[in-house]
Amino acid sequence: MVDLSWLLPNVSIPSLITNVAELIGTGHIVMDGTGAAANDEAYRQKWLWGAVAGLYHFGIKDPVYLDPAATSSWISNQIKVAPSPELYQTNEDYEKVIQLQIPCSRDELMATLLRRRSYRGFDSSAAIHIDDLAACLFAGLGITGFIISGPPGYGPLPLKPTPSGGGRNPYEAYVYLRKVDGIEPGIYHYSAIDHTLGLVGSELNYRIGDLLAGQTWFNDACALVVLVACFSRTMWKYPHPTGYRVVLLEAGHIAQNMLILAESRGLSAAPTCAVRDDLCSKVLNLDPYLQGVVYTVALGVRGSTPTIADPVIIEPNTRLGEVKSK
């Protein structure tokens, strides 16, 4: 042990020992040979995007989420403190405004987009079919081909239905499968290269709402698709911390494809990024430094009763008018 008391001559030794002990207890000082030191070294070796991205990524894990009553109270207080910012911007202040044609609702894709709504009031007794689950997974993550480019040893790069920064394909999907016709309940890994499900574990020890930070309205979903980022794939090509932002954006591409496909198949679906990071990492056996749950999509059958998290009243956009049919 090195005596550093000479650096603080006006501080008593007992006081210095107490302060150092407190700093060790809060993790601001790490002692060699401890679990904290091992974690620190693992972080140093594996996380290549530096302290700024690291502080955000690791600092936002496992927050305390408000329940519906507390959320309502929070919003009520916010309204009293200050009005909400406008949620859209008009063109009324511009001198020249061009009216665009309203899209045709008979276009199959447009009709599907117009119908899509997040809905969490799943039918607890119904199951979805394995083919519908397979279609959703393929729409978001299926590898359809490869790009051959770059110097020798760089490719081939996977092609998917969704764009991927640099073709690095950083996402793997795990399915917490509760009720799907044609397959036993369990935790599965989706392999995008061969469109298969591999059984990770047959025990479902937690309800879906437990994994989703206490959102009990997800408990009756038939399956929860968990999008897990494998950061090293993108770190390898993009050493700058903006690579982290690229990875986060890609989760939205994947989820949106799955949500649209679910709507086209008559399923109910809803996304959320409110997760219990520690629990999901434990259940899926993830490397906490190189992997992380970023987004999830719940799939199920629409029930007749919406949950507290579902909108009851939907008003039409009267400024837009009716979507035209041709």
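Keep in mind the model is a prediction, meaning the values are calculated, not measured.

K.L.:
Would you take a moment to explain the overall build of the chain for this structure?
P.N.:
Looking only at helices and strands, the chain has 10 helices and 10 strands in total. By principal-axis analysis of the C-alpha atoms, the chain measures approximately 85 × 55 × 50 Å. In the chain, which comprises 326 residues, the share counted as buried stands at 35%. For the chain, long-range pairs separated by at least 24 residues make up 73% of all intrachain contacts whose partners lie at least 6 apart in sequence. Approximately 20100 Å² of the chain is accessible, and the part contributed by carbon and sulfur atoms is 57%. The positive charge centre, built from 25 side chains, and the negative charge centre, built from 31, are 7 Å apart in the chain.

K.L.:
For this particular structure, what's the right way to read the sheet that holds strand β8 (residues 223–230)?
P.N.:
Hydrogen bonds between backbone groups are what pair the strands of a sheet, and the pairing can be parallel or antiparallel. In space, the six strands of this open sheet follow the order β7-β6-β4-β8-β10-β9, with antiparallel pairing throughout. Whereas interior strands pair on both sides, the edge strands pair on one side only; in this sheet they are β7 (196–201) and β9 (268–272). Between one strand and the next, the sheet's axes are offset by a mean angle of 25°, whatever the strand orientation. As defined by bridge partners, strand β4 (residues 171–177) adjoins strand β6 (residues 186–191) across five bridges and the pair is classed as antiparallel. Pairing of Y174 across the sheet is with H189, part of β6. Packed on one face of the sheet, helix α6 (residues 130–141) meets β4, β6, β7, β8 and β10 (291–300) and runs near 160° to β4. On the sheet, helix α10 (residues 277–284) packs against β4, β6, β8 and β10 and is oriented at approximately 85° with respect to β10.

K.L.:
Teacher, can you tell me more about the pattern of salt bridges here?
P.N.:
Opposite charge on two side chains lets them pair, provided their charged atoms get close. Applying the stated criterion across every chain, the model contains nine salt bridges. The shortest N-O distance in the salt bridge between R44 and E41 comes to 2.5 Å. Linking R44 with E41, this pair stays in helix α2 (residues 35–46), spanning three residues, or about one helical turn. Accessibility expressed as a relative area gives 54% for R44, which makes it exposed. We classify E41 as partly exposed; its relative accessible area is 30%.

K.L.:
In this structure, what is going on with the pairing of β10? I would like to understand it.
P.N.:
Along a regular strand, successive side chains alternate from one face of the sheet to the other. Along β10, nine of the 10 residues are buried, which leaves the element largely enclosed by surrounding structure. Taken together, the eight bridges between β8 and β10 define a ladder with antiparallel strand orientation. In the strand pairing of β10, L224 is matched with A298. As defined by bridge partners, β9 adjoins β10 across five bridges and the pair is classed as antiparallel. Residue P271 lies in a different strand from β10, and its bridge partner there is V297.

K.L.:
In this structure, what is going on with a nonpolar patch on the surface? I would like to understand it.
P.N.:
A cluster of nonpolar side chains, namely V20, L23, I24, I29 and M31, defines an oily patch on the protein surface of about 360 Å² accessible area. Tracing the sequence through the fold places V20 in helix α1 (residues 13–25). Residue class for V20 comes out partly exposed when judged on its relative accessible area of 32%.

K.L.:
Sorry if this is basic, but what is going on with the packing of α6 against helix α9 (residues 242–264) here?
P.N.:
How two helices sit against one another is set out by the angle between their axes and by the gap between those axes. In the contact formed by α6 and α9, the axes pass within 7 Å of each other and the chain directions differ by 145°. Between α6 and α9 lies a crossing whose hand is right-handed. For the pair formed by α6 and α9, the contact residues are A135, C136, L137, A139, G140 and L141 on the first element and I254, N257, M258, L261 and A262 on the second. By residue class, the composition of the contact of α6 with α9 is nine nonpolar, two polar and no charged.

K.L.:
I'm lost on the pairing of β4 in this one. Help?
P.N.:
Summarising burial for β4: seven of the seven residues are buried, a large majority. Burial along β4 is two-sided: Y171, A173, V175 and L177 and E172, Y174 and Y176, pointing in opposite directions, are all buried. The sheet contact formed by β4 and β8 spans seven bridges and is antiparallel. When the sheet's bridge partners are listed, Y174 is paired in β8 with V226.

K.L.:
How do you make sense of unusual backbone geometry when you look at a structure like this?
P.N.:
Most peptide bonds are trans, and most residues other than glycine sit at a negative phi. Note the cis peptide between G155 and P156, where omega equals 0°. The topology assignment puts P156 in the loop between β2 (145–147) and β3 (157–159). Positioned with a positive phi, D62 is a non-glycine residue whose angle comes to about 50°. Relative to the assigned elements, D62 resides in the loop between α3 (50–59) and α4 (68–81). Of the residues examined, D62 reaches a relative accessible area of 34% and is grouped as partly exposed. Even without being glycine, N285 reaches a positive phi, approximately 55°.

Thresholds applied
- Residues numbered from 1 in each chain as written.
- Predicted model: local features only at pLDDT ≥ 70, side-chain atom pairs only at ≥ 80, totals over all residues.
- Heavy atoms only, no water.
- Helix = DSSP H or I, 4+ residues; strand = E, 2+ residues; numbered from the N terminus.
- Buried < 20%, exposed > 50% of the residue type's maximum accessible area, 1.4 Å probe, protein only.
- Contact = heavy atoms within 4.5 Å.
- Areas by Shrake-Rupley, 256 points an atom, 1.4 Å probe, with all protein chains shown as cover.
- Lys, Arg positive; Asp, Glu negative; His and termini not counted.
- Charge placed at Lys NZ, Arg CZ, Asp CG, Glu CD.
- Pairing = 2+ DSSP bridges.
- Axes fitted to C-alpha atoms, helices over the stretch in contact; angles between N-to-C directions.
- Salt bridge = Lys/Arg side-chain N within 4 Å of Asp/Glu carboxyl O.
- Patch = residues over 30% accessible without salt bridge, like charges linked within 9 Å, V, L, I, M, F, W, Y side chains within 5 Å.
- Left-handed = near helix turned anticlockwise from the far one by under 90°.
- Nonpolar A, V, L, I, M, F, W, Y, C, P; charged D, E, K, R; others polar.

Function cannot be read off these values alone, since they describe shape.
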